[in-house]
Amino acid sequence: MCGIIGYVGFKEAAPVLLDGLRRLEYRGYDSAGLAVLGEQLEIRKKAGKIDEGLARLVQTAPPQGSNGIGHTRWATHGPPTDANSHPHTDASGRIVVVHNGVIENYALLKNRLQLAGHKFLSETDTEVLAHLIGWHYQARRGSSGDLHPLAQAVADALREVIGTYGIAVLCADHPGLIVGARRGSPLIVGLGQGEHFLASDSAALVAHTRDVIYLQDHDLVLLTPQRHEVHRLQGEASRVEISRLEFDTAAAERGAFPHFMLKEIFEQPQTVRNALRGRLDPEEATARFGGLNLSPGELREFDQVVMLACGTSWHAALLGEYLMEELAHLPVEVEYASEFRYRNAPINKHTLVLAITQSGETADTLAGLREARRRGHKVLSICNVVGSTIAREADGGIYLHAGPEIGVAATKTFTAQVTVLTLLAVLLGRMRMLGAAHARRLLAALEAIPAQMQTVLQLREQVRRIAHRFAQAEDFFFLGRQFNFPVALEGALKLKEISYIHAEGYPAAEMKHGPIAMIDERTPTVILAPHDSLYEKTVANLEEIKARRGPIIAIGTEGDTTLAQKADEVLLLPRAPECLWPLLAVLPLQLLAYDIAVARGCDVDKPRNLAKSVTVE
Ligand code: M6R
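Counting restarts for each chain, with residues numbered from 1 along the sequence as it is written. Given that this is a predicted model, residues contribute local features only at a pLDDT of at least 70 and side-chain atom pairs are listed and counted only at 80 or more, while totals for whole chains, interfaces and linings are drawn from all residues. Side-chain metrics in this entry use all non-hydrogen atoms of the structure; hydrogen atoms and water are not considered.

1. So, the overall build of the protein chain
Think of it this way: any DSSP run of H or I at least four residues long counts as a helix, any run of E at least two long counts as a strand, and we number them from the N terminus. The helix and strand inventory of the protein chain stands at 19 helices and 26 strands. As defined in this context, the radius of gyration uses C-alpha atoms, and a globule is described by 2.2 Å times the residue total to the power 0.38. Against the 2.2 N^0.38 benchmark of 25 Å for 617 residues, the protein chain shows a C-alpha radius of gyration of 26 Å, consistent with a compact globule. Projected onto its principal axes, the C-alpha coordinates of the protein chain cover approximately 80 × 55 × 45 Å. Evaluated residue by residue, the protein chain yields a buried proportion of 62% over its 617 residues. Residue burial is assigned from relative accessible area. The probe radius is 1.4 Å, only protein chains are included, and a residue is buried under 20% of its type maximum, exposed over 50%, and partly exposed in between.

2. Brief notes about the layout of surface pockets
Cavity: a set of points on a 1 Å grid over the protein atoms alone where a 1.4 Å probe fits but cannot get out. Pocket: an open set with protein on both sides within 12 Å along at least five of seven lines, its lining residues, like those of a cavity, having an atom within 4 Å of a point. Grid points are joined across faces, edges and corners, and a volume is the space filled by probe spheres set on the points. What the largest pocket holds in volume is close to 960 Å³. Lining the largest pocket are 45 residues, and of these Glu 246, Asn 384, Val 385, Val 386 and Gly 387 sit closest to its centre. Every element with two or more residues in the lining of the largest pocket is listed here: β14 (243–244), α7 (268–276) and α12 (389–393). The dominant element in the lining of the largest pocket, judged by the number of residues it contributes, is α7, at three residues. Of the residues that constitute the lining of the largest pocket, the class distribution is 16 nonpolar, 15 polar and 14 charged. Reported domain spans reflect what an automatic or database domain assignment gives. Mapping the lining of the largest pocket onto the domain boundaries places at least three of its residues in each of domain 1 (3–251) and domain 2 (254–455). In this classification, Asp, Glu, Lys and Arg are treated as charged, Ala, Val, Leu, Ile, Met, Phe, Trp, Tyr, Cys and Pro as nonpolar, and every other residue, Gly included, as polar.

3. So, unusual backbone geometry
With omega at 0°, the peptide bond leading from His 86 into Pro 87 counts as cis. You can see Pro 87 is positioned in the loop between β4 (67–73) and β5 (88–89). Not every positive phi belongs to a glycine, and Gln 482 is a case in point at roughly 50°.

4. A word on the sheet that holds strand β24 (residues 525–528)
Strands are treated as partners if at least two bridges between them are detected by DSSP. Spatially, the five strands line up as an open sheet ordered β23-β22-β24-β25-β26, and their pairing is parallel. Each having just a single partner strand, β23 (502–507) and β26 (569–573) make up the two edges of the open sheet. When the angles between neighbouring strand axes are averaged without regard to direction, this sheet yields 15°. Summarising the sheet, strand β22 (residues 475–480) and β24 pair through three bridges and their orientation is parallel. Angular values range over 0 to 180 degrees, each being the angle between N-to-C directions of two axes fitted as lines to C-alpha atoms, with helices fitted over their stretch in contact.

5. A closer look at empty space enclosed by the protein
By rolling a water-sized probe across the atoms, one finds the places where empty space is left. For the coordinates displayed, the defined rule picks out one cavity of 30 Å³ or more. In this model, the largest cavity occupies a volume close to 80 Å³. As for the largest cavity, its lining consists of 13 residues, of which Cys 2, Trp 74, Thr 76, His 86 and Gly 101 are closest to the centre. Going through the elements one at a time, β6 (95–100) and α4 (125–140) are the ones with two or more residues in the lining of the largest cavity.

6. Things to note about the domain arrangement of the protein chain
Quite often, the size of an interface is put as the accessible area lost when its parts meet. The domain architecture assigned to the protein chain consists of domain 1 (3–251), domain 2 (254–455) and domain 3 (458–617). When each unit is reduced to the centre of its C-alpha atoms, the spacing between domain 1 and domain 2 is 34 Å. Interface area for domain 1 against domain 2, summed over the two sides, is near 1000 Å², with a carbon-plus-sulfur share of 51%. Two parts placed together each lose some accessible area under a 1.4 Å probe, and adding up what both lose gives the buried area. Together, Tyr 26, Tyr 214 and Ala 251 form the three largest contributors to the area buried by domain 1 at its contact with domain 2, with a combined 45%. Salt bridge criterion: a side-chain nitrogen from Lys or Arg within 4 Å of a carboxyl oxygen from Asp or Glu. Our count for the contact surface shared by domain 1 and domain 2 stands at one salt bridge. Asp 217 is the salt-bridge partner of Arg 370, the closest N and O atoms lying 2.7 Å from each other. Classifying every residue of the side of domain 1 that touches domain 2 gives eight nonpolar, one polar and two charged.

7. A look at the environment of Arg 44
When you line up the elements, Arg 44 lands in strand β3 (residues 41–47). From its side chain, Arg 44 meets the backbone oxygen of Ala 61 in a polar contact 2.7 Å long. In the analysis that follows, any N or O atom pair within 3.5 Å is treated as a polar contact, provided that within protein one partner can donate a hydrogen and the other can accept it, and provided that, for residues neighboring in sequence, both atoms belong to side chains.

8. What to know about the site of the ligand
When we say a residue is near a molecule or strand, we mean one of its heavy atoms is within 4 Å of it. Among the 14 residues in the neighbourhood of the ligand, the closest are listed as Ser 313, Thr 357, Ser 359, Thr 362 and Glu 497. Within the contact set of the ligand, an oxygen atom lies 3.0 Å away from a backbone nitrogen or oxygen of Thr 312. Between the ligand and Ala 410 there is a distance of 2.8 Å, counted from an oxygen atom to a backbone nitrogen or oxygen. Within the residue set of the shell around the ligand, elements represented by two or more residues are α9 (311–328) and α16 (484–499). The element that contributes the greatest number of residues to the shell around the ligand is α9, accounting for three residues. Lining the shell around the ligand are residues from two domains, each supplying at least three of them: domain 2 (254–455) and domain 3 (458–617).

9. Regarding the packing of α4 against helix α5 (residues 149–159)
Close contact between α4 and α5 brings their axes to 8 Å; oriented N to C, the two are set at 125°. Between α4 and α5, the angle falls in the class oblique. In this structure, the crossing between α4 and α5 has a hand that is right-handed. Contacts between α4 and α5 involve Leu 129, Leu 132, Ile 133, His 136, Tyr 137 and Arg 140 from the former and Pro 149, Leu 150, Gln 152, Ala 153, Val 154, Asp 156, Ala 157 and Leu 158 from the latter. Note on terminology: angles under 35 degrees are roughly parallel, angles over 145 are roughly antiparallel, angles of 65 to 115 are roughly perpendicular, and the others are oblique. Each crossing is labelled by how the near helix is turned from the far one, with a counterclockwise turn of less than a right angle marking it left-handed and a clockwise turn marking it right-handed. Throughout, a contact is declared for two residues whenever any of their heavy atoms are within 4.5 Å.

10. A short note on the sheet that holds strand β17 (residues 304–309)
In space, the five strands of this open sheet follow the order β18-β17-β19-β20-β21, with parallel pairing throughout. One side of each edge strand has no neighbouring strand; the edge strands of this open sheet are β18 (332–336) and β21 (396–399). Neighbour to neighbour, the strand axes of the sheet diverge by 20° on average, direction disregarded. Note: strand β20 (residues 378–383) against β21, four bridges, orientation parallel. Its bridge partner being in β21, Leu 380 is matched across the sheet by Gly 396. Across the face of the sheet, α9 comes into contact with β17, β18 and β19 (351–357) while running at roughly 175° to β18. Along the sheet, helix α13 (residues 412–430) makes contact with β17, β19, β20 and β21, crossing β19 at roughly 165°.

So this is what it looks like as structure tokens:
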């Protein structure tokens, strides 16, 4: 959450920072600001989205200088106001800080500084950190040491901090220098010729350089136009590795689509193909992955799987549970990472832990991964962002290869996660009880999914019409059984995230145990009713809703003539094996959420209160 960009070099910093902030805006967008150091230190900051606030301010009064830091905010402490926007300054006004993360002991530190006479202008934890750095900077003045005085002050302050941070710091006494540090919040150094960049996300760097250093937790970095120096806050030797960013800049553009979300929905036939590429082994009727770092013997030894995830990734994990149970007969626990990390869940020693995350930076999933590794378990990540913290900290992993997902609502990464989990279930299944003929049929059906997705996407106009019909509803239900239950949850999450309509997902049969009390003629239900082994039972649930005058949007399989007689609206999708049909069924739900949100005038790609990557706990 929040985005950081820093620049030190020979160009005017403000345009570089603004461009970087625009590319990071999907991470947090309630306010933005920048500080540029030239002849003087100049700060511009404003509540609201970049183009409506900060960009206008910078255009009216462009700050001059070739050294600067910028920030786009997702509020944690204090509402999105100009005063709470970053950068924040210390008491002298000469040190400026931008920060991602949360300083948990900020109240205590603030109190101490207030007693020493410090006055604060904002409600943020970041301003406290700026003051603390300034306090150490003053206290160290004149004393000599190995480290640059600003870096030393940053290190001293961070030693007092409990919490998470990715920070960038400037000081008016030291033009041409940025100090950065991270713990729990990503920070990447971009290496240029006579210039350096610092960013919380590679999206802000690719326009300038492909050579990067992913900072580790407890790293402290000093950047000048010519030099980059990485130190460890805890004194050990630093490990600096230069990586090459593989990033298709065109993939991060919206093209002809009105929103990134719509573009990403329509990319899914291709992203599923990408997730499958090179991973099918038809001869052995199994799947193969390059980066698991586990031998077949080790994979065979696992007798349980625990999956850690949040949000949409949690829904993919739940589908993964059904898949692994069905195809590999493995017991699976799907855990909200935020709960797992604080629970003392007994896990047997032959357990494989999967951390499932699009961004690879979700704070709770990262903490869950660390907890699982601390207990001695092997952890694999299923992740989209190459080089992200979770991908680097896991013992091995599988990348989704879905390309950058900019829309805050996850779409293509969900189907890529499910694709990868299906392959993993086949791999683990083939080491256990899954027969070759069954696996071969399944893999062939999986290969056919992208073309079938293309067919489903042709329902767009029909979905749009349905969306307009129900756009004013204030409550929605989504129902599905078995493999389609996680899809129902995901459909409900998509709708509430971007349209702010209250929506709930349930296993279809669960309605009568309480939620059916909510049904009336104003409460539509989307019911996933494929022609599968439970079709009649699902239709019976549909009847129960209809009997209470609830409008019904049924999603079934082609050739179904029953649903049209019972439901208000019907969408028919191609046939696929029960365990793969969710890959098709989620598409109309994504489109429905999208079209309802557009019809209600919502900002689809930047929904209120959300951010793409949740790096706070
Ligand atoms: O990056 P991750 O997959 O770990 O993110 C997890 C959730 O924050 C994310 O799925 C969130 O629920 C999205 N807004 C879903 O659209």
